[in-house]
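# Analysis of the macromolecular model
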Amino acid sequence: MTLEIGILFAIILLMIILLVFELLSADSIAILVMVSLILFGFVNPDEGISGLSNRATVTVLALMILSVGLESTGVINQAGRFILPLMQTREWIAIPVLMFIVGAFSAFTSTTAVVIIFMRILVELAPKLPTHLSRLLIPLSFAAIMGGSCTLLGTSTNLLISAIARDYDLAAFGIFEFSHFGLIFFGAGILYMVLFGRFLLPTRNAVDQGLTEKYGIQDFLTEVVILPDSKLVGKPIGETVFFKDDEIDLIEITRDAQPAYFPSRIQRLQSDDVLLVKGSVEKIAALRKNNGLELLPSQAVMDDSRLNTEDMTLCEVLVRPNSRLIGKSLNKMRLLKDYRAVPLAIKKHHLPIFFRLGKNKVESGDIILMEVSRANFDQFYNRPEFVVLQEHANLSGSTLKRYLASLIVLMVVLLAFFNVLPILVSALVGCVAMFITGCLDLQRAYNRVDWSVFFLLAGVIPLGIAMDNTGASQLIATTFVEQFGAVSPRMLVSMLFIITALFSAVISNNATAILLAPIAFSIAGNLDIDPRPLLLTVMFAANTSYISPIGYQTNTLIYGPGDYRFTDFVKVGGMLTLLIWGLATWLIPMFYFE
């Protein structure tokens, strides 16, 4: 092994450590890797930035824009609403129906967007459903992953592997070239979940709890009235204890029998103002004693209906994987200033935190209970850094635009399927059609696209080039052949699949594909066999990310709302991984080597 290969392996090891322990966002790590490869001379500058213009990267960006168009016009939302009557039935019927619909959409649009929309629907309607939320969200995520593996359009990993095939002078994969494998895996996954997997799913969420009960926040909410001789009278709110004490928060103010609202920090308090404050019993007692306040014998129960006013709405906010908010404190997010959004509690690692919220640094998967101004809710709802876990009716498009958006996506698929246009070109044409027809405006596309995926791909693609330039992939392939000899194609597929799946469980599926695809190609060359089935093996295995909540973004998204534990994914996803592994070991060699 040469020095440069050793340094390259050290960079890869550092990347894996950073990804596993989430010390930086995945896209930041990818850019760091890209720059390191250029600085060490493993790739030249043109190769280093080639990921930005790579066919896979640009195609993924175009497909994400199309997904935003489907989401914005309410196409996926309508499908979610359509299946709701079926979700009211027995669990063994509800789970396969949910998985089939989710998988069908995920085959042609962003898996993440599909999961977010269906998760919002399920979270909002959980109190009305007979099945616990924790028994629906894992099937939701797994179905999206399996559905995305059915077509070239389904996941960015599929497009990435196809682009790698072109780089090695192989024909790009067709849009439905591997659908027969994907559909078999998908069907087997649904049967597994109905017949076996659902019995391993946890039952943790109370089906009839409101948000205030769910967090236990009602125990810390109290109404007080300002007495005429209070020293708070005439003071701007920003100069009072409500902004100076981290353990006391002003949630709402009611003045002159008007509807409750959240005031600005420059507004002055008046006598007889009724304040809804959050704090412990001790803090409320001290506040009352030192500031001339009187407890109001509240006639309203402190539940969701009390906190949902004409001016404010109560909601949960989920911090997305790779969000720019990760590592920042709530005080630095400008949520109060920009959206009049007040954090009431934050759930970290299944435990709610009620006080000193402003100084808490958020992590991926944290859920924040917030009151948000209705006037700013549209803008707040569309922030790309987090997911608001409720539907917003005002964001659905007209029926005409839903049909137009659906026809545009169908046109993209058909143009690529009949080889009228390459998938890259047909996807770009679809984006232009979305803009021209008014199904999507450019600003919304900018705001809603998950740019972290784009830059993650752009950053890791040069890693595959560096593996070839340094001879690292050839070294690994040669060592493999020396150690295991000329193994049978079935054994090779089996070994490659399980190694790739294990990598995908701890680092991103795209990074896994970039690392292992060049190795698979080199092994095929050493054994003088067709590399195409090995690339397919890497693709399916990289997408087989069921055994942990960190390997695939959709698993991370459902982890908090489902109140899951890591072991839930190991139990439910472990058996599914073994099933798909066995099917791939049997089917892929049968179609390509026998």
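Just so we're clear, the structure is a prediction, and the values are computed from it rather than from any experiment.

### Some thoughts on the overall build of the chain
When helices and strands are tallied, the chain shows 28 helices and nine strands. Against the 2.2 N^0.38 benchmark of 25 Å for 594 residues, the chain shows a C-alpha radius of gyration of 26 Å, consistent with a compact globule. The principal-axis extents of the C-alpha atoms in the chain amount to approximately 90 × 55 × 50 Å. Within the chain, the fraction of its 594 residues that count as buried is 59%. Across the chain, the fraction of contacts at a sequence separation of at least 24, relative to all contacts at a separation of at least 6, is 80%. Put simply, the chain shows about 23900 Å² of open surface, and 62% of that area lies on carbon and sulfur atoms. Separation of charge centres in the chain, based on 43 positive and 48 negative side chains, amounts to 4 Å.

### Regarding the pattern of salt bridges
The full count for this structure, using the stated rule, is twelve salt bridges. Asp-273 is the partner of Arg-255 in a salt bridge, and the nearest nitrogen-oxygen pair spans 2.6 Å. Taken together, the positions of Arg-255 in the loop between strand S2 (249-254) and strand S3 (274-278) and Asp-273 in the loop between S2 and S3 put the pair 18 residues apart, joining distant regions of the chain. Given a relative accessible area of 12%, Arg-255 falls into the buried group. Between Arg-565 and Asp-563 there is a salt bridge, with the nearest N and O atoms lying 3.4 Å from each other. Classification of Arg-565 as partly exposed rests on a relative accessible area of 31%. Exposure remark for Asp-563: the relative accessible area of 18% places this residue in the buried category.

### Description of helix H12 (residues 179-195)
Between its first and last C-alpha atoms H12 spans 24 Å; for 17 residues at 1.5 Å apiece the expected length is 24 Å, and the two agree. Regarding H12, the residues found buried are Ser-179, Phe-181, Gly-182, Phe-185, Phe-186, Ala-188, Gly-189, Ile-190, Tyr-192, Met-193 and Val-194. Those residues of H12 that are buried lie in contact with helix H8 (91-106), helix H10 (137-148), helix H26 (532-543) and helix H28 (566-592).

### Some thoughts on the environment of Arg-120
Counting through the fold element by element, Arg-120 comes out in helix H9 (residues 111-125). Residue class for Arg-120 comes out buried when judged on its relative accessible area of 4%. C-alpha separation for the pair Arg-120 and Glu-391, spaced 271 residues apart in sequence, amounts to 5.9 Å. Once residues lying within four places of it in the same chain are set aside, the contact partners of Arg-120 are Glu-71, Tyr-381, Val-387, Val-388, Leu-389, Gln-390, Glu-391 and Arg-448.

### Focus: the packing of aromatic side chains
By the definition in use, this model includes 22 aromatic pairs. Aromatic pair Phe-417 and Phe-418: ring centres 4.9 Å apart, planes at 70°, arrangement edge-to-face. Joined through ring pairs, the aromatic side chains of Phe-173, Phe-178, Phe-181, Phe-185, Phe-540, Phe-591 and Tyr-592 make up one cluster. Directly above the aromatic system of Tyr-215 lies the positively charged group of Lys-347, at a separation of 5.0 Å from the ring centroid.

### Quick word on a nonpolar patch on the surface
A cluster of nonpolar side chains, namely Phe-108, Phe-176, Leu-407, Leu-410, Leu-414, Phe-417, Phe-418 and Val-420, defines an oily patch on the protein surface of about 740 Å² accessible area. Residue Phe-418 is classed as exposed on the basis of its relative accessible area of 55%.

### Topic: the side chain of Thr-544
Topologically, Thr-544 is positioned in the loop between H26 and helix H27 (553-559). Within the structure, Thr-544 has its side chain in polar contact with the backbone oxygen of Phe-540 (distance 2.6 Å).

### Description of the sheet that holds strand S4 (residues 293-295)
The four strands lie next to each other as S2-S3-S1-S4, forming an open sheet whose pairing is antiparallel. Every interior strand has two partners, whereas the edge strands, S2 and S4, have only one. When the angles between neighbouring strand axes are averaged without regard to direction, this sheet yields 35°. Pairing of strand S1 (residues 221-226) with S3, which is carried by five bridges, proceeds in the antiparallel orientation. Bridge pairing links Leu-221 to Lys-278 in S3. The sheet strands contacting helix H15 (residues 281-291) are S1, S3 and S4, and the helix crosses S4 at an angle near 135°.

What counts, and where the lines are drawn
Each residue is numbered by its place in its chain's sequence as written, counting from 1. A pLDDT threshold of at least 70 governs which residues receive local features in this predicted model, and a stricter bar of 80 or more applies before side-chain atom pairs are shown or counted, although totals over entire chains, interfaces and linings include all residues. Values shown for side chains rest on all heavy atoms present in the structure; no hydrogens or waters enter the calculation. Strands here are runs of E lasting at least two residues and helices are runs of H or I lasting at least four, both read from the DSSP assignment and numbered beginning at the N terminus. For the radius of gyration, the atoms used are the C-alpha atoms, and the globule rule reads 2.2 Å times the number of residues raised to 0.38. Partly exposed describes any residue whose relative accessible area lies between the buried limit of under 20% and the exposed limit of over 50%, with all areas from a 1.4 Å probe on protein chains only and scaled to the type maximum. Whether two residues are in contact is decided by their heavy atoms: any pair within 4.5 Å suffices. Note on areas: Shrake-Rupley with a 1.4 Å probe; residue coverage comes only from the protein chains shown. Charge counting follows a simple rule: Lys and Arg are positive, Asp and Glu are negative, and His as well as the terminal groups are ignored. In this description, the location of a charge corresponds to atom NZ of lysine, CZ of arginine, CG of aspartate or CD of glutamate. Salt bridges are counted wherever a side-chain nitrogen of Lys or Arg sits within 4 Å of a carboxyl oxygen of Asp or Glu. One less than the residue count of a helix, multiplied by 1.5 Å, gives the span that helix is expected to have. Only rings of Phe, Tyr and Trp enter the pairing, Trp through its six-membered ring, and a pair is recorded when the two centres are within 6.5 Å. The plane angle decides the type: under 30 degrees is stacked, over 60 is edge-to-face, the rest tilted. Comment: the charge-over-ring label is applied if NZ (Lys) or CZ (Arg) is within 6 Å of the ring centre and within 35 degrees of the ring normal. Put simply, a patch holds well-exposed residues, over 30% relative accessible area, that have no salt bridge, with like charges counted together within 9 Å and Val, Leu, Ile, Met, Phe, Trp or Tyr side chains within 5 Å. We call two N or O atoms a polar contact when they sit within 3.5 Å, provided that within protein one can donate a hydrogen and the other can accept it, with sequence-adjacent residues counted only if both atoms are side-chain atoms. A strand pair is defined by DSSP finding two or more bridges across the two strands. Helix axes are fitted only over the stretch in contact, all axes being lines through C-alpha atoms; the angle between N-to-C directions runs from 0 to 180 degrees.

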